[in-house]
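So the chains spell out like this:
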Amino acid sequence: DAGVIQSPRHEVTEMGQEVTLRCKPISGHNSLFWYRQTMMRGLELLIYFNNNVPIDDSGMPEDRFSAKMPNASFSTLKIQPSEPRDSAVYFCASSLGEGQARILYQAQHFGDGTRLSIL
Amino acid sequence: AQKVTQAQTEISVVEKEDVTLDCVYETRDTTYYLFWYKQPPSGELVFLIRRNSFDEQNEISGRYSWNFQKSTSSFNFTITASQVVDSAVYFCALSDRNSGGYQKVTFGTGTKLQVIP
């Protein structure tokens, strides 16, 4: 079975440009998570969805960041405008939850990540 | 506040040695879950184990074993007879609720394990 699929694997762009990261969760999973990994801050949960609905976006660093999940098989994380400090590896993960109250108690399956460099 | 401490930044062992990775956590919640994830050099994160706060039984899976002790707020991970393929960064994570009742997940800073052939 296919795991979580993220695209692109690598993205290099100039500051000020719009960046869109894409994620396809594991089929049948009902929760989706976006993380950012940096040397300075480690792994941070940015936002997560349950049944396509955003549940908690308190980890989103700024209004420049936005995420959508238009259907159960696709999500995007957008940065507009991008800045050099946004450079990081962005991971998408999915899980099969037992209910909204237990979303973060489930094991998460991660994609390979998108390595983003903003020049 | 929730906190996960992995005090060992890097560990090097010779192949076939046993190694224990430490994880200490802080939470005010009575119901919480602990996790271990592996991040090999290729970069992806791989789920290894989940343990809830009410289950203190230790677990063994092949060469991997986990020791959960609520009395010391620790959830340590031991690899027996280490192999080169075990070389990776290992993350401990805590999932609980903050003072506002919202679910949160907190990752430790990771322990980089290098197994030398």
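Residues numbered from 1 in each chain as written. Chains lettered and ligands numbered in written order. Predicted model: local features only at pLDDT ≥ 70, side-chain atom pairs only at ≥ 80, totals over all residues. Heavy atoms only, no water.

Observations concerning the packing of aromatic side chains
Next up, step 1: Throughout the structure, instances matching the rule amount to 17 aromatic pairs over all chains.
Next up, step 2: Aromatic side chains Tyr64 of chain B and Trp66 of chain B sit 6.0 Å apart centroid to centroid with 85° between the ring planes, which places their arrangement in the edge-to-face category.
Next up, step 3: For the pair Trp66 of chain B and Phe77 of chain B, a centre-to-centre distance of 5.0 Å together with 5° between the ring planes defines the contact as stacked. Pair noted here: Trp66 of chain B is in strand β8 (residues 64-69) and Phe77 of chain B is in strand β9 (residues 74-79), with a separation of 11 residues, a long-range link.
Next up, step 4: With a relative accessible area of 4%, Trp66 of chain B lands in the buried category.
Next up, step 5: Residue Phe77 of chain B is classed as buried on the basis of its relative accessible area of 0%.
Next up, step 6: By way of ring pairs, the aromatic residues Tyr35, Phe91 and Phe110 of chain A together with Phe35, Tyr37, Phe47 and Phe107 of chain B are connected into one cluster. (Phe/Tyr/Trp six-rings, centres within 6.5 Å; stacked < 30°, edge-to-face > 60°. Helix = DSSP H or I, 4+ residues; strand = E, 2+ residues; numbered from the N terminus. Buried < 20%, exposed > 50% of the residue type's maximum accessible area, 1.4 Å probe, protein only.)

Some remarks on the interface of chain A and chain B
Next up, step 1: The interface of chain A with chain B comprises 21 residues on the first partner and 20 residues on the second.
Next up, step 2: Contact with chain B buries surface across chain A, with Leu43, Leu104 and Tyr105 of chain A losing the most and accounting together for 37% of the total.
Next up, step 3: Applying the counting criterion to the chain A and chain B interface returns one salt bridge.
Next up, step 4: With a closest N to O distance of 3.0 Å, Lys104 of chain B and Asp56 of chain A form a salt bridge.
Next up, step 5: Connecting chain A to chain B are 10 residue pairs in polar contact (both at pLDDT 80 or more).
Next up, step 6: Among the elements of the structure, β4 (31-38) and β5 (42-50) of chain A are those that each provide at least two residues to the side of chain A that touches chain B.
Next up, step 7: At three residues, the largest contribution of residues to the side of chain A that touches chain B is made by β5 of chain A.
Next up, step 8: Its residues assigned to classes, the side of chain A that touches chain B comprises 11 nonpolar, six polar and four charged. (Contact = heavy atoms within 4.5 Å. Buried area = accessible area lost by both parts, 1.4 Å probe. Salt bridge = Lys/Arg side-chain N within 4 Å of Asp/Glu carboxyl O. Polar contact = N/O pair within 3.5 Å; in protein donor to acceptor, adjacent residues only side chain to side chain. Nonpolar A, V, L, I, M, F, W, Y, C, P; charged D, E, K, R; others polar.)

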